[in-house]
Amino acid sequence: MKKSLLSISIIFTLSGVTQAVYAALKPPSLLEPLKNDKFQIKKPIKFSWLKISGVTKYRFIVSNNAKFTDYDVTGKCAKNTAKTCFVTTTQSPSYKLAATNPLLQTKGDFFWQVQAIGASGGSTVFQGNNVFNKNSGEVRPFSVSDTLAIPKIANDGISVEPQIAAVGSSLTFNAMLTTELTDGYTIKIDFGDGDFKTMNGSGIDFSYTATFDTVGEDQNFTVSIFDANDDLVDSSGDSFTITAAETGSSGGMQRVPLQPINSTPVKPVPTVTIPSVSNPLATPNATTQGNPILFSATLSNVLPSNYSVKVNYGNGLIAMNGSGTNYSVSQIPTQLGLQTFTVGIYDNLNISKSNLPTGTFEIVKSNTAPTLTFNSGATTSTIGATYSVQLSANDIDNNLNVVVMDWGDGASENKTATNGAPLTFTHTYATANTFAWNATAYDSSNANSAAVSKTITISQPVTVENFVSGSKTFSYTKIANDGSVLPITAQLGTGAKDWACTKDNNTGLTWEVKTDDGGLRDKDWYYSWYEPDASKNGGSSGYTDIASLFRKPISCSTEDNCNTYAFINAVNSQTLCGANDWRMPTNVELQGLIYCSDGQYNKLTEESLNSNNGYGLVCSSNRDVLKTTFPTINTTYFPDTKDNYLFWSASFSDDNPRFYGSFVWNVGFASGSNDSSEKDYPYSVRLVRMGQ
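If you're wondering where the values come from, they're calculated on a predicted model, not measured in any experiment. (Residues numbered from 1 in each chain as written. Predicted model: local features only at pLDDT ≥ 70, side-chain atom pairs only at ≥ 80, totals over all residues. Heavy atoms only, no water.)

Caption draft 1: Summary view of the state of the cysteines. If you walk through the whole model with that rule in mind, you get 4 disulfides. In this model Cys-501 forms its disulfide with Cys-577; the gap between the sulfur atoms is 2.0 Å. Handedness of the Cys-501-Cys-577 disulfide follows from its S-S torsion of about 105 degrees: it is right-handed. Of the two residues, Cys-501 sits in strand β37 (residues 499–504) while Cys-577 sits in the loop between α3 (564–573) and α4 (587–591), which places them 76 residues apart along the sequence. (Disulfide = S-S within 2.5 Å. Helix = DSSP H or I, 4+ residues; strand = E, 2+ residues; numbered from the N terminus.)

Caption draft 2: Structural view of α3. Judged by how many residues are buried, α3 sits mostly within the fold: 7 of 10 residues are covered. Taken residue by residue, α3 has Thr-564, Ala-566, Phe-567, Ile-568, Ala-570, Val-571 and Asn-572 as its buried positions. On its buried side, α3 packs onto β38 (509–512) and β40 (646–652). For α3, the side-chain oxygen to backbone nitrogen distance between the N-cap and Tyr-565 is 3.1 Å, and the N-cap itself is Asn-563. Looking one or two residues beyond α3, the residue adopting positive phi is Thr-575, at roughly 45 degrees. (Buried < 20%, exposed > 50% of the residue type's maximum accessible area, 1.4 Å probe, protein only. Contact = heavy atoms within 4.5 Å. Polar contact = N/O pair within 3.5 Å; in protein donor to acceptor, adjacent residues only side chain to side chain.)

Caption draft 3: Quick peek at the side chain of Glu-32. Following the sequence through the fold, Glu-32 ends up in strand β1 (residues 30–32). No salt bridge is formed by the buried Glu-32, whose closest oppositely charged neighbour, Lys-46, lies at an N-O distance of 4.1 Å. Residues contacting Glu-32, with those up to four places away along its chain left out, are Lys-46, Phe-47, Ser-48, Trp-112, Arg-140, Ile-153, Ala-154, Asn-155 and Thr-178. (Lys, Arg positive; Asp, Glu negative; His and termini not counted. Salt bridge = Lys/Arg side-chain N within 4 Å of Asp/Glu carboxyl O.)

Caption draft 4: Highlighting the sheet that holds strand β6 (residues 94–97). Within the open sheet, the 3 strands sit side by side as β1-β3-β6. Their pairing is antiparallel. Lying at the two open borders of the sheet, with one neighbouring strand each, are β1 and β6. Direction aside, neighbouring strands of the sheet carry axes that sit 25 degrees apart on average. Bridging between strand β3 (residues 45–49) and β6 involves 4 bridges; their strand directions are antiparallel. Within β6, the residue paired with Phe-47 across the bridge is Tyr-95. (Pairing = 2+ DSSP bridges. Axes fitted to C-alpha atoms, helices over the stretch in contact; angles between N-to-C directions.)

Caption draft 5: Geometry of the environment of Val-402. Relative to the helices and strands, Val-402 resides in strand β30 (residues 400–406). When the C-alpha positions of Val-402 and Thr-418 are compared, they lie 8.3 Å apart, and in sequence the two are 16 residues distant. Those residues in contact with Val-402, other than ones at most four positions away along the chain, are Lys-415, Thr-416, Ala-417, Thr-440, Ala-441 and Tyr-442.

Caption draft 6: Molecular detail of the sheet that holds β37. Within the open sheet, the 5 strands sit side by side as β36-β35-β37-β38-β43. Their pairing is antiparallel. The open sheet is flanked by β36 (485–486) and β43 (688–690), the only strands paired with a single partner. Summarising the sheet, strand β35 (residues 476–480) and β37 pair through 5 bridges and their orientation is antiparallel. Looking across to β37, one finds that Thr-477 is bridged to Lys-503.

Caption draft 7: Quick look at the confidence of the model for the chain. Residue-level pLDDT values for the chain average 80, and 82% of them are 70 or greater. Segment residues 129–135 is flagged for pLDDT under 50; beyond a separation of four residues in sequence, or across chains, it makes 16 contacts in the model. Of the regions scoring below 50 in pLDDT, residues 245–267 engages in 53 contacts with residues more than four places distant in sequence or in other chains. (pLDDT = per-residue confidence, 0-100.)

Caption draft 8: Layout of the packing of aromatic side chains. Overall, the coordinates contain 33 aromatic pairs when judged by the stated rule. Both rings, one in Phe-47 and one in Phe-142, keep their centres 5.4 Å apart while their planes meet at 70 degrees; by these two values the pair is edge-to-face. Here Phe-47 is found in strand β3, whereas its partner Phe-142 is found in strand β8 (residues 140–145), with 95 residues between them in sequence. Judged by relative accessible area, which is 3%, Phe-142 ranks as buried. Taking 5.9 Å as the distance between ring centres and 90 degrees as the angle between the ring planes, the aromatic pair formed by Tyr-530 and Tyr-565 counts as edge-to-face. Here the residue Tyr-530 occupies a position in the loop between β38 and α3, and Tyr-565 occupies one in helix α3, the gap between them amounting to 35 residues. Judged by relative accessible area, which is 32%, Tyr-565 ranks as partly exposed. Through a chain of ring-to-ring contacts, three or more aromatic side chains come together here, namely Phe-39, Phe-47, Trp-49, Tyr-58, Phe-60, Phe-86, Tyr-95, Phe-110, Trp-112 and Phe-142. Above the plane of the ring of Phe-425 lies Lys-415, whose end atom (NZ or CZ) is 5.1 Å from the centre. Above the face of the Trp-499 ring, Lys-478 is positioned so that its terminal group lies 3.9 Å from the ring centre. (Phe/Tyr/Trp six-rings, centres within 6.5 Å; stacked < 30°, edge-to-face > 60°. Lys NZ or Arg CZ within 6 Å of the ring centre and 35° of its normal.)

Caption draft 9: Spatial organisation of the environment of Ala-496. As for its position among the elements, Ala-496 is in the loop between β36 and β37. Residue Ala-496 is classed as partly exposed on the basis of its relative accessible area of 47%. Apart from residues no more than four positions distant in its own chain, Ala-496 is found in contact with Ala-480, Asn-481 and Asp-482.

Caption draft 10: Fine view of unusual backbone geometry. Each neighbour pair has its own omega, and for Glu-32 with Pro-33 the value is 5 degrees, a cis peptide bond. Within the element layout of this structure, Pro-33 appears in the loop between β1 and β2 (37–40). Each neighbour pair has its own omega, and for Phe-630 with Pro-631 the value is 0 degrees, a cis peptide bond. Backbone geometry places Asn-36, a non-glycine residue, at a positive phi of 65 degrees. In this fold, Asn-36 is placed in the loop between β1 and β2.

Printed below as a string of structure tokens:
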């Protein structure tokens, strides 16, 4: 059914009540674009609004902010605001913003409104920053971006001229779009027979001219937009009338268009069945940064030609490979964290044509395995002796956890590790054999270091026998600070290849050599006997500091800890001669260093020592008068041994059972003597270890 002829009432309003119209002037209602519509940069945009009676022109305004601060009451944009503000006047209730307009050259968010201006110059109140807002009109946002804009047919964008024509006359059908026709898209017209004809034009304006010979009113036509795959994007219709009058005779009549016909046209191409997508997977579901992930999905049926399967995990659309119904692609995501991806079917303009199922995957920071370093540890030890190894671990990720030690004899242990801090493991081997221990560091992600391994030879403890009367053969070797063997000409020093220890080739024991440099092992220091371990101290730990027990000033390199225990720890911390298992010698081991220049030796036993009131001589000829050279030690290999010094052993005296554990055997190198003393006496210490 046709509309009534509105043009008659419009003329009446304009000629009769212009002033009254101005008095009731209101802002026009905005038609398009709709709120928050998106448009493509460098493409034209059509704006339209409802026509208002009594209005002579409209002021069309665009700003990049809702308060229109770049626009003033004079009806102009401020200076240097071409990219943020635009204003113009027009008599038409529409305006096409050209593609060359500065506002459309870059991405941005904008707002638009229309101001109605009456015949006397009066206008609706503009909604702006510096203008009174009473009766202000609608402000509508839109945005310009680099994404693909889908064109649509503008409201009232379909027309025909003339609207009533005679048989044989030519009619021109016009179509205006909201935004420029996208590349690959087409706009076509159908006069009701399903035969689509492509319209002529460019940008947002298109037309088609045809001649009709069929008489009838309300003959329908439809204008439709199709994408590159000939899928329908938008459609709108109208009607026209062909009369039987003579050619070219329109009778001066004006036709009011019917309401648009929004029927879906018949597509000119066969229908394409788009498969659905299912089972999107990321394999592996979680991995470290830098490793690939295989994205895959399954289609419900075979993919049609000119379509592709693509994945989007945050880096844009990426084409997947495959055939039939299975598709996949390998990628290396770089963003850390739990993420979502989609898989879908797209046309050649990257427009989604299917469902978009989602999946998840996680990228975690790559983990670097820790490193483990061997600091010190001997290659030999004896049954029952405490064997010690020092290691240190590092982890650049700062998630170091433990170091696990396998001793090679069936025993193992682990210790919590701190980044860069030395870690000491101790163990006692029960049998004589060759064992290979190995240690490995682990972080909190269970990544492990390369194993550190060493071979250690465990032997029976060496028993040093005293000699009965007769000669004794001595054989010594000089050992360097780094544990290497030196010639007899080597000199004492602190360098890696300087002499610091002496090995007894007969017993296999290696001895500390005293110095005269004021350092840790100086010959002038002396110590009280102290051992906190109850399994080693005979029931009496001894004394930690002898300075409080004597009137004369007493000092040592360990200052306020002048005791045997502190000295042992200090020497081991320096890994003297490449080892950290130095200990106190037994009484028998210490006797083995006594050298009697006349070759006359006593074999001292516990019985002989106890029967002699705890006093005995290894050098037998020194009983009444000193007859041997002193000190009674080989000074070539043990220099700086004072002849009046007594040296502590680790052995307890039992000459008085009531005081067992309170008295300890000591050896004097003035006459080659052996005696016992209470633990608070100030004596020297010479440490020993098994092996080189």
